[in-house]
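# Structural overview for review
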Amino acid sequence: MTNTLVKNFIGGEWVAARSGETFESTNPATEELVAPISKSGAEDVNAAVQAAKDAYKNWRLTPAPRRGEILYRVAHLLTERKEEIARLMTQEMGKVISEARGDVQEAIDMAYYMGGEGRRLMGYTAPVEMPNKFGMAIRDSVGVIGLITPWNFPVAVPSWKMLPALISGNTIVFKPGEDTPPGEDTPAVAAEFVRVFADAGLPAGVLNLVTGAGETGSALVENRDVRVISFTGSTQTGLSVYSKAAALGKKVTLEMGGKNAIIVLDDANLDLAAEAITWSAFGTTGQRCTATSRLIVQKGIKPKLIEALVEKAKLLKLGNGLDESVTMGPLVNQKALDKVVRYMDVAKSEGVKILVGGERADLGKGYFFQPTLFDGVKQGMRVEQEEIFGPVLSVIEVESFEEAIHVNNSTAYGLSSSIFTENVNAAFRAIRDLTTGIVYINHGTTGAEIQFPFGGTRGTGNGMREAGQTALDSFTEWKSVYVDFSGRLQRAQIDTDKILGEN
Ligand code: ADP
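What you see is a predicted model, and the numbers here were worked out from it, not measured in a lab.

## Observations regarding unusual backbone geometry
Its identity is not glycine, yet threonine 284 carries a phi of approximately 50°, on the positive side. With respect to the secondary-structure elements, threonine 284 resides in the loop between helix H9 (270-282) and strand E13 (292-298). Residue classification places threonine 284 among the buried residues on the basis of a relative accessible area of 4%. Unlike most non-glycine residues, alanine 467 shows phi in positive territory, near 60°. In this fold, alanine 467 is placed in the loop between strand E20 (457-458) and helix H15 (471-475). Among the residues examined, alanine 467 registers a relative accessible area of 2% and is labelled buried.

## Regarding the side chain of serine 417
With respect to the helices, strands and loops of the structure, serine 417 is situated in strand E18 (residues 416-420). For serine 417, a relative accessible area of 0% puts it in the buried group.

## Considerations on the packing of helix H2 (residues 64-80) against helix H5 (residues 156-167)
Two elements in contact, H2 and H5, have axes separated by 9 Å at closest approach and are oriented at 150°. On the basis of the axis angle, H2 is roughly antiparallel to H5. Along the contact surface, H2 presents Ala64, Arg67, Gly68 and Leu71, while H5 presents Leu163, Leu166 and Ile167. Each residue belonging to the contact of H2 with H5 can be placed in one class, and the counts come to five nonpolar, one polar and one charged.

## Focus on the packing of aromatic side chains
For the coordinates displayed, the defined rule picks out six aromatic pairs. Judged by centre distance (6.1 Å) and plane angle (40°), the ring pair of tyrosine 72 and tyrosine 112 falls under tilted. A residue pair is termed long-range when its members are at least 10 positions apart, and tyrosine 72 in helix H2 and tyrosine 112 in helix H4 (residues 97-117) qualify at 40 residues. On the basis of relative accessibility, which here comes to 32%, the residue tyrosine 72 falls in the partly exposed class. The ring of phenylalanine 153 carries the charged tip of lysine 95 above its face, separated from the ring centre by 3.7 Å. Across the ring face of phenylalanine 401, the terminal group of arginine 429 is positioned such that the distance to the ring centre comes to 4.4 Å.

## Section: the sheet that holds strand E21 (residues 476-484)
Ordered in space as E5-E6-E21, the three strands form an open sheet in which the pairing is antiparallel. A single partner strand is all that each edge strand has here, and the edge strands are strand E5 (124-125) and E21. Bridging between E5 and strand E6 (residues 133-141) involves two bridges; their strand directions are antiparallel. Residue pairing across strands places tyrosine 124 opposite alanine 137, the latter belonging to E6.

## Concerning the site of the ligand
Residues in contact with the ligand amount to 19 residues; listed here are only the nearest, Thr149, Lys175, Glu178, Ser234 and Thr237. Residue tryptophan 151 places a side-chain N or O atom 3.4 Å away from an oxygen atom belonging to the ligand. One of the side-chain N or O atoms of lysine 175 is found 2.7 Å from an oxygen atom in the ligand. Burial of the ligand by the surrounding chains reaches 81%, relative to a free accessible area of 560 Å². Considered class by class, the residues forming the shell around the ligand number seven nonpolar, nine polar and three charged.

## Some words on the nonpolar core
Of all hydrophobic cores here, the largest spans 102 residues; its most connected members are Leu78, Met114, Ile172, Phe174, Phe197 and Val383. Once residues within four sequence positions are removed from consideration, methionine 114 is found in contact with Leu71, Leu163, Pro164, Ile167, Gly468, Ala471 and Leu472. In this structure, Ala274, Leu295, Ala308 and Leu393 belong to the second largest nonpolar core, which totals 30 residues.

## Concerning helix H8 (residues 235-247)
With 13 residues, H8 extends 18 Å between its outermost C-alpha atoms, agreeing within 8% with the 18 Å of an ideal straight helix rising 1.5 Å per residue. Residues Thr235, Gly238, Val241 and Ala245 constitute the buried set of H8. The arc that holds the buried residues of H8, viewed along the axis, is 125°, so those residues lie on one side. Along H8, the residues that are exposed and aim more than 90 degrees away from the buried face are Gln236 and Ala247. Looking at the buried side of H8, the elements it contacts are helix H7 (214-222), strand E10 (226-232), strand E11 (251-255) and strand E17 (413-414). Backbone geometry just downstream of H8 places glycine 249 in the positive-phi region, at approximately 70°.

## Topic: the pairing of strand E8 (residues 171-175)
Along E8, five of the five residues are buried, which leaves the element largely enclosed by surrounding structure. Alternating positions in E8 separate into two faces, Thr171, Val173 and Lys175 on one and Ile172 and Phe174 on the other, with burial throughout. In the sheet, strand E7 (residues 144-148) pairs with E8 via five bridges, with the strands oriented parallel. Following the sheet pairing, leucine 147 is matched in E8 by phenylalanine 174. Where the polypeptide runs from E7 across H5 and back to E8, its parallel neighbour, the crossover connection is right-handed.

## Here's the deal with the packing of helix H13 (residues 401-409) against helix H14 (residues 424-433)
Following both chains from N to C, one finds H13 and H14 inclined at 30°, their axes separated by 11 Å at the closest point. Taken together, the axis directions place H13 and H14 in an arrangement best described as roughly parallel. As H13 runs across H14, the sense of the crossing is right-handed. Taking contact as the criterion, the partners of Phe401, Glu402, Ile405 and Asn409 in H13 are, on H14, Ala426, Arg429, Ala430 and Asp433. Its residues assigned to classes, the contact of H13 with H14 shows four nonpolar, one polar and three charged.

The rules behind each value
Residue positions are given per chain, counted from 1 along the sequence in the order it is written. It should be noted that, the model being predicted, local features are given only for residues of pLDDT at least 70 and side-chain atom pairs only at 80 or more, the latter also being counted only at that level, while totals for whole chains, interfaces and linings use all residues. The basis for every side-chain value is the complete set of heavy atoms in the structure, and neither hydrogens nor water enter the calculation. Put simply, DSSP H or I for four residues or longer makes a helix, DSSP E for two residues or longer makes a strand, and each gets a number counted from the N terminus. Burial classes: relative accessible area under 20% of the type maximum marks a residue as buried, over 50% as exposed, and values in between as partly exposed (1.4 Å probe, protein chains only). Under this scheme, a helix contributes an axis fitted over its contacting stretch, all axes are lines through C-alpha atoms, and angles between N-to-C directions fall in the 0 to 180 degree range. Should an angle fall under 35 degrees it is taken as roughly parallel, and over 145 as roughly antiparallel, whereas 65 to 115 is taken as roughly perpendicular and any remaining angle as oblique. Throughout, a contact is declared for two residues whenever any of their heavy atoms are within 4.5 Å. Ten residues, namely Ala, Val, Leu, Ile, Met, Phe, Trp, Tyr, Cys and Pro, are considered nonpolar, four, namely Asp, Glu, Lys and Arg, are considered charged, and the remaining ones, Gly among them, are considered polar. Note on ring pairs: Phe, Tyr and Trp rings are taken, using the six-membered ring of Trp, and paired if centres are within 6.5 Å. Classes follow the plane angle, with under 30 degrees stacked, over 60 edge-to-face and the rest tilted. Remark: a charge is flagged as sitting over a ring if the NZ atom of Lys or the CZ atom of Arg is within 6 Å of the ring centre and within 35 degrees of the ring normal. Being paired, for any two strands, means DSSP has found at least two bridges between them. Here, proximity means that at least one heavy atom of the residue falls within 4 Å of the molecule or strand. What qualifies as a polar contact is a pair of N or O atoms within 3.5 Å, subject to a donor-acceptor requirement within protein and to the restriction that residues adjacent in sequence count only when both atoms come from side chains. The accessible surface values rely on the Shrake-Rupley method and a 1.4 Å probe; as for residues, cover is taken only from the protein chains in view. Joining through side-chain atoms within 4.5 Å is the link that ties buried Ala, Val, Leu, Ile, Met, Phe, Trp, Tyr and Cys residues into a set, and such a set is a nonpolar core. One fewer than the residue count of a helix, multiplied by 1.5 Å, yields its expected span. Arc, as used here, means the arc of the directions from the helix axis to the C-beta atoms. When the strands point away from the viewer and the path from the first strand over the helix to the second turns clockwise, the crossover is right-handed. Left-handed describes a crossing whose near helix is turned anticlockwise from the far helix by less than a right angle; the clockwise case is right-handed.

See below:
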């Protein structure tokens, strides 16, 4: 617990918001104060953007392999501070400590991966039409990048954006997730993450932090010197950011909602499926972008699978995630809890049967909700279509493989999906026909690795992808370069016939 004010990091200095205003970050398991946080306004955002703009002049000219060495130091320091940062994360947003460690590990992996990119950042050459002429396409930095992130992966998600943006030669203003009021979310851990970059030797102004609410993010979107916005959060906010940024001609990467499903066919390995579904539906208290909220199950295997899932849900131990024996933490805040509670009424009004859970879990303090299974859910119901973002799994019975694929693909979102089957032909047909950005075979819907593209189709995104090589597309511009060493004017598309045979 820090209890000292979390400040902004602007131009290499830790500074309070200019207005002097603050809000509180609290622990969702205990409702105790984690730290007071600076509540930034447009003047703080604009100062941070100016610092980033100034730092860009040198950072873009720093050789990429040197930039990569700083990222390797980030990886080393994060490894050293992994436990400390993970504990702060659990206190601030509630995920169990083993998952918080995994969250930091993703940033470590990404720092090594993007550090290596410092010696790649591959462009290409191609043959050209004229003699004595050379052509190449290179990736160029863009300038100041604005990052707006949510609270559910407070280190991993910012790392997916920061590390590719930095290795490409850009500078950053980072606005981490929180909600005000009441503001229980993750700015304190974001500040500790930024401190790692400063301690690793990143020059002043290259990475700036401004903490605050929606208005702070909005000021970042509206600042004309910010050329790219990379956003992860709700669909509603993401689309509003998208339209504002589009009006200013900015490039935007969006990672938004999901309604992920696991399909289980009659021939599946039942024990494996039950374990994976439990992990995917109730891990991070159902608050992952890739959390499974729909189980699409073939009729034959359904009774046994449901029985196994109810049993597993009952065995989950709710509590403070710092206790190593706890397997499910609280929801992030009162607002998130209220939303899940409201969906219980929606489920009842839709005639859904609650097999297990369905109520708040009373642990004295904190925003706990019981792991919940809905049965008798039909394709098209609200609980089947809308993102609840809590430990709630809707079970939809289907007759056939074709019906399962149809149900999976019939939502407004398209992040991830999974199928459990021992039939290799069914698995490959699923890879072909599932229309999500990520597809798993015999694995839950969570477990993406940083070297592959991450993102979704339909309402989940706008066609961009994070992670992997594709992450570089968000943070670079292509520059095509033609070098003519003929010593005379050669006119492309015009002179080609004339010069055949000449040299
Ligand atoms: P979540 O449901 O994950 O909290 P939000 O979409 O509300 O998702 O928030 C994601 C991020 O977007 C947070 O950092 C939040 O402060 C920020 N944000 C909220 N409203 C706006 C806005 N109008 N413009 C820019 N950023 C915003």
